[in-house]
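Inside the fold
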Amino acid sequence: RSKIAPVEHHPALPWSTTNAFLVKLRSQNGTAAQALEFTILTAARTGEVLGAKWGEIDLANKIWTVPAGRMKARREHRVPLNSTAIAVLTKLAAMRTVESLDAFVFPGTALGRALSGMSMNMLLRRMDHGDITVHGFRSTFRDWASEATSFPREVAEAALAHTVGNAVEAAYRRGDLFEKRRLMMQAWATYCDVVAGDGRVIPLVRAGEPHA
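Reference entry: report on the structure contained in this document. (Residues numbered from 1 in each chain as written. Predicted model: local features only at pLDDT ≥ 70, side-chain atom pairs only at ≥ 80, totals over all residues. Heavy atoms only, no water.)

1. A closer look at the overall build of the chain
- On a plain count of helices and strands, the chain comes out with nine helices and three strands.
- In sequence order, the chain lays out its α and β elements as α-α-α-β-β-β-α-α-α-α-α-α.
- Counting contacts in the chain only where the partners sit at least 6 residues apart, residues at least 24 apart contribute 64% of the total.
- Of the roughly 12100 Å² of accessible surface on the chain, a fraction of 55% belongs to carbon and sulfur atoms. (Helix = DSSP H or I, 4+ residues; strand = E, 2+ residues; numbered from the N terminus. Contact = heavy atoms within 4.5 Å. Areas by Shrake-Rupley, 256 points an atom, 1.4 Å probe, with all protein chains shown as cover.)

Here it is as structure tokens:
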């Protein structure tokens, strides 16, 4: 497909600044800020997040199951929810005014409607980050996985719900690497949360290595 049409690259935040960005984001109020944080923590697409309903969320088992109809590849996608994503959802659950499983996790201002698709991009502009896009955070996550971890490429691609390999390979690959993705997404949350109280990023240090 990329040989026919040029690949569109979405402006993205450098992965090394994600920690500091989240400190700033968490100082913002409103549903859009919570939706954006959840989007970053799950590396999901904007539409998948905005369309999320409480019936898709399994808080006890820490799984978000996105129906095939809302996935780009038209296949059901299970998202392992890391501890920080669970914290976002727990806070939202306590504020729910509609108990239906069909209620949107990130509701808009109109009753029964999801948050607007432009809400998170508008939030980025208010935060003086109009130079990046919400979708670009998927690239931020992918760059972090490639440059800062040793997780296999196919695990990172599965986390992004990308189709990996050709039709023959896909036919033999029956699993979704869920448990490996769970480890990866928790590592992502841990990286995103490693900041000092003043917003300075604390470098990750391997066990046994001296601190700088």
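Having seen the model, we can carry on.
2. Some points on the sheet that holds strand β3 (residues 77-80)
- Pairing is antiparallel in the open sheet, where three strands are placed in the order β1-β2-β3. Looking at the sheet topology across the chains shown, the edges are occupied by β1 (57-58) and β3.
- Across two bridges, β1 lies against strand β2 (residues 63-66) in antiparallel orientation. Along β2, the bridge assignment pairs Asp58 with Ile63. (Pairing = 2+ DSSP bridges.)

3. Observations regarding the packing of helix α2 (residues 31-42) against helix α9 (residues 178-193)
- In contact at an axis separation of 9 Å, α2 and α9 are set at 130° when each is read in the N-to-C sense. Considered as vectors, α2 and α9 are oriented oblique to each other. Note on element contacts: α9 touches α2 through Met185, Trp188 and Ala189, opposite Ile40, Leu41 and Thr42.
- Looking at the contact of α2 with α9, its residues break down into five nonpolar, one polar and no charged. (Axes fitted to C-alpha atoms, helices over the stretch in contact; angles between N-to-C directions. Parallel < 35°, antiparallel > 145°, perpendicular 65-115°, else oblique. Nonpolar A, V, L, I, M, F, W, Y, C, P; charged D, E, K, R; others polar.)

4. Side note on the layout of surface pockets
- Reported here for the second largest pocket is a volume of approximately 660 Å³.
- If you trace the second largest pocket, you find 30 residues lining it, with Thr31, Gln34, Leu92, Val105 and Pro107 closest to the centre.
- Counting residues per element, the ones that place at least two in the lining of the second largest pocket are α2 and α4 (83-94).
- Taken together, the residues that form the lining of the second largest pocket break down as 14 nonpolar, ten polar and six charged. (1 Å grid on protein atoms, 1.4 Å probe; cavity = no way out; pocket = protein on both sides within 12 Å on 5 of 7 lines; lining within 4 Å. Points joined across faces, edges and corners; volume = space filled by probe spheres on them.)

5. Some words on the side chain of Thr46
- Checked against the element boundaries, Thr46 lands in helix α3 (residues 46-50).
- Exposure remark for Thr46: the relative accessible area of 19% places this residue in the buried category.
- Residues within four places of Thr46 in sequence aside, it is in contact with Met120, Val134 and His135. (Buried < 20%, exposed > 50% of the residue type's maximum accessible area, 1.4 Å probe, protein only.)

6. Remarks on the environment of Phe104
- Following the sequence through the fold, Phe104 ends up in the loop between α4 and α5 (119-126).
- The spacing of Phe104 and Gly51 is 53 residues in sequence and 6.7 Å in space, taken between C-alpha atoms.
- Not counting residues within four places of it along the chain, the set of residues in contact with Phe104 comprises Leu50, Gly51, Ala52, Lys53, Trp54, Gly112, Arg113 and Ala114.

7. With respect to the pattern of salt bridges
- Applying the stated criterion to the full structure yields eight salt bridges.
- Arg45 is the partner of Glu48 in a salt bridge, and the nearest nitrogen-oxygen pair spans 2.9 Å. Each of the two residues, Glu48 as well as Arg45, counts as buried.
- For Glu157, the salt bridge identified is with Arg142, shortest N-O distance 2.6 Å. Of this pair, Glu157 sits in helix α7 (residues 153-159) while Arg142 sits in helix α6 (residues 136-148), placing them 15 residues apart in sequence. Residue Glu157 shares its accessibility class with Arg142, and that shared class is buried.
- Taken together, the shared-partner salt bridges connect Arg26, Glu37 and Asp193 into one network. (Salt bridge = Lys/Arg side-chain N within 4 Å of Asp/Glu carboxyl O.)

The values are spatial; any link to function lies outside them.
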